[in-house]
Amino acid sequence: MNPTPLLAAPWLVQAHVAAAFAAIILGLVQFIRPKGSGAHRFMGWCWVGLMAFTALSSFGITGGCRAGAV
């Protein structure tokens, strides 16, 4: 996997991908750790915030798809 296109992308795209990746990792941690603790609740709210940022930032990504970029 070549990170060059992501590094050349606008800052909003980079932030969107970073938040989505962090949400995936945090979600996996949530499934592994015991449920019900204060840390679990805090991480859950962090996950919600990351997913909200990911969803809202997607509205600002308007570059479209170039032919052959898929």
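First, a word on scope: everything that follows refers to the structure included in this document.

Conventions used here
- Residues numbered from 1 in each chain as written.
- Predicted model: local features only at pLDDT ≥ 70, side-chain atom pairs only at ≥ 80, totals over all residues.
- Heavy atoms only, no water.
- Helix = DSSP H or I, 4+ residues; strand = E, 2+ residues; numbered from the N terminus.
- Buried < 20%, exposed > 50% of the residue type's maximum accessible area, 1.4 Å probe, protein only.
- Polar contact = N/O pair within 3.5 Å; in protein donor to acceptor, adjacent residues only side chain to side chain.
- Contact = heavy atoms within 4.5 Å.
- Expected span 1.5 Å × (residues − 1).
- Arc of directions from axis to C-beta.

Let us now look at the side chain of His16. Along the chain, the position of His16 falls in helix α2 (residues 11-32). Given the relative accessible area of 18%, His16 is considered buried. Polar side-chain contacts of His16 include one of 3.0 Å to the backbone oxygen of Thr54. His16 has contacts with Phe53, Thr54, Ser57, Ser58 and Ile61, leaving out every residue within four places of it along the chain.

The topology assignment puts Gln14 in helix α2. Separated by 28 residues in the primary sequence, Gln14 and Phe42 have C-alpha atoms spaced 25 Å apart. The residues touching Gln14, leaving out its near neighbours within four places in the chain, are Leu6, Leu7, Ala8 and Ala9. At 3.1 Å, the side chain of Gln14 and the backbone oxygen of Ala9 are in polar contact.

Take Gly38: it is sitting in helix α3 (residues 38-58). Separated by 10 residues in the primary sequence, Gly38 and Leu28 place their C-alpha atoms 17 Å from one another.

The subject of this paragraph is the side chain of Gln30. Examined against the element boundaries, Gln30 turns out to sit in helix α2. Accessibility expressed as a relative area gives 14% for Gln30, which makes it buried. Those residues in contact with Gln30 that lie beyond four places of it in its chain are His40, Met43 and Gly44.

A rise of 1.5 Å per residue sets the reference length of α2, with its 22 residues, at 32 Å; its end C-alpha atoms lie 32 Å apart and thus fit the reference within 8%. The complete set of buried residues in α2 reads Leu12, His16, Ala19, Ala23, Leu26, Gly27 and Gln30. Summarising the axial view, the buried residues of α2 lie within an arc of 105°, below the 170-degree limit, and thus occupy one face. The outward face of α2, more than 90 degrees from its buried face, is lined by the exposed residues Trp11, Phe21, Ile24 and Ile32. Tucked inside the fold, the buried residues of α2 contact α3.

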